[in-house]
Amino acid sequence: MISRCIVLLLAAVVLTEAGVINTLQDTVVEKAEAAGLKASTNLHRSKRQADGACQQADIILVLDSSGSIGEDNWLKVLNFTKTMVLSFPVSPTDVRFGVAVYGNRATVAFNLNSYNDSDAYLDAIDEIGWKDQATNTSGGIRLMYRDMFTEENGDRAGIPNLGIVITDGASNRDENLTIPEADKAREEDILMFALGIGDATVISELNGIGNDPDEDFVFEVEGFESLNSIKEQLVTAACEAAAA
């Protein structure tokens, strides 16, 4: 009877310590992200690999850099992009990121094979300038699937491809091509996500950009200050889609 009690006591201690460690991990990462610091991805990596999820994916973020965003909010978009990178185990063999930016036209900020670790990604994100132009979402999507998800630019065979479009409004340049270009991306087996910010977005366009079902691939937040509130939900959805 005494030995059984000892075993139960030891088990309780182990579970308690595990809970404390997880809590400390979350606290450290959250504080680092809130301060805009480069948090180590080791904490995120240990948590997500323990669940067997998000260990391999090629992810391209397609960022709306139109004039309606404004310079201050553009910095919020870049900070959100950095927290997304910090939420995955980044390495040449795990998760890799690329970023496209669009205004009147789309440009590549960096490709999937441009960098090998999270610190390099964060430095590169800090250097992405605000375009202050129109909203050519179709151009951003087309650049993503045609030029960036290629073997030459780091797309790995057999690894899930995820495209995440982040926008604060409806397309106003080649808007009739936005959903058709998203459909073409899907034809290339790219899992498409859409994140709309604020009340100027059009839900029908967001739904057309994101895969079905909409509740798993389309997200909305009230404003730029609310971006971090959707991060965990978006990361979880991306992980689940990549693992499916």
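Analysis parameters
Residues numbered from 1 in each chain as written. Predicted model: local features only at pLDDT ≥ 70, side-chain atom pairs only at ≥ 80, totals over all residues. Heavy atoms only, no water. pLDDT = per-residue confidence, 0-100. Contact = heavy atoms within 4.5 Å. Buried < 20%, exposed > 50% of the residue type's maximum accessible area, 1.4 Å probe, protein only. Helix = DSSP H or I, 4+ residues; strand = E, 2+ residues; numbered from the N terminus. Pairing = 2+ DSSP bridges. Right-handed = clockwise from strand over helix to strand, strands pointing away. Patch = residues over 30% accessible without salt bridge, like charges linked within 9 Å, V, L, I, M, F, W, Y side chains within 5 Å. Areas by Shrake-Rupley, 256 points an atom, 1.4 Å probe, with all protein chains shown as cover. Salt bridge = Lys/Arg side-chain N within 4 Å of Asp/Glu carboxyl O. Lys, Arg positive; Asp, Glu negative; His and termini not counted. Charge placed at Lys NZ, Arg CZ, Asp CG, Glu CD. Core = buried A, V, L, I, M, F, W, Y, C linked by side-chain atoms within 4.5 Å. Arc of directions from axis to C-beta. Polar contact = N/O pair within 3.5 Å; in protein donor to acceptor, adjacent residues only side chain to side chain.

Take the confidence of the model for the protein chain next. In the predicted model, the protein chain carries a mean pLDDT of 84, and the fraction of residues at 70 or more is 78%. Within the model, the stretch residues 1–52 combines pLDDT values under 50 with 35 contacts to residues more than four positions away or in other chains.

So, about the pairing of strand 4 (residues 161–167). The element strand 4 is extensively covered by neighbouring structure, given that 7 of its 7 residues are classed as buried. Across the two faces of strand 4 the burial is the same, with Asn161, Gly163, Val165 and Thr167 and Leu162, Ile164 and Ile166 all buried. Of the pairings in the sheet, the one linking strand 1 (residues 57–64) to strand 4 comprises 6 bridges and is parallel in character. Looking at the pairing, Val62 lines up with Val165 of strand 4. At this point the chain moves from strand 4, through helix 6 (residues 178–187), to the parallel strand 5 (residues 190–197), and the crossover so formed is right-handed.

Among the surface-exposed residues, Asp212, Glu215, Asp216 and Glu240 lie close enough to one another that they form a single negatively charged patch. Structurally, Glu240 is set in helix 9 (residues 227–243). According to the relative accessible area criterion, Glu240 is exposed, its value standing at 55%.

As enumerated under the stated definition, the model contains 6 salt bridges in all. Among the salt bridges present, the one from Lys82 reaches Asp126, with a minimum N-O distance of 2.8 Å. Of this pair, Lys82 sits in helix 3 (residues 71–86) while Asp126 sits in helix 4 (residues 118–126), and the two are 44 residues apart along the sequence. With a relative accessible area of 12%, Lys82 lands in the buried category. Of the residues examined, Asp126 reaches a relative accessible area of 43% and is grouped as partly exposed. Where Arg186 meets Asp183, a salt bridge forms, and the shortest distance between an N and an O atom there is 2.8 Å. Placement of both Arg186 and Asp183 in helix 6 is noted, with a separation of 3 residues, approximately one turn of the helix.

If you look at the biggest cluster of nonpolar residues, it comprises 44 residues, and the most contacted ones within it are Phe88, Phe97, Phe193 and Leu195. Among the secondary structure elements, those contributing two or more residues to this core are strand 1, helix 3, strand 2 (95–102), helix 4, strand 4, strand 5, strand 6 (218–221) and helix 9. Looking at this core element by element, the count peaks at 9 residues for helix 9.

What follows concerns helix 4. By the burial criterion, the buried members of helix 4 are Ser118, Tyr121, Leu122, Ala124 and Ile125. Down the axis of helix 4, the sector holding all buried residues measures 165°, keeping them to one side. Check the buried side of helix 4 and you find it contacts helix 3, strand 2 and strand 3 (106–110). Where helix 4 begins, one side-chain oxygen reaches toward the backbone nitrogen of Asp119, 3.1 Å away; that side chain belongs to Asp117.

Three- or four-residue spacings in an α-helix give side chains the same orientation, since the helix completes a turn every 3.6 residues. Listing the buried residues of helix 6 in full gives Thr178, Glu181, Ala182 and Ala185. Along the axis of helix 6, the buried positions cluster into a sector of 100°, meaning they face one direction only. Summarising the contacts, the buried residues of helix 6 are in contact with helix 5 (137–148), strand 5 and helix 7 (203–209). Two residues or fewer after helix 6 comes Asp189, characterised by a positive phi angle close to 65°.

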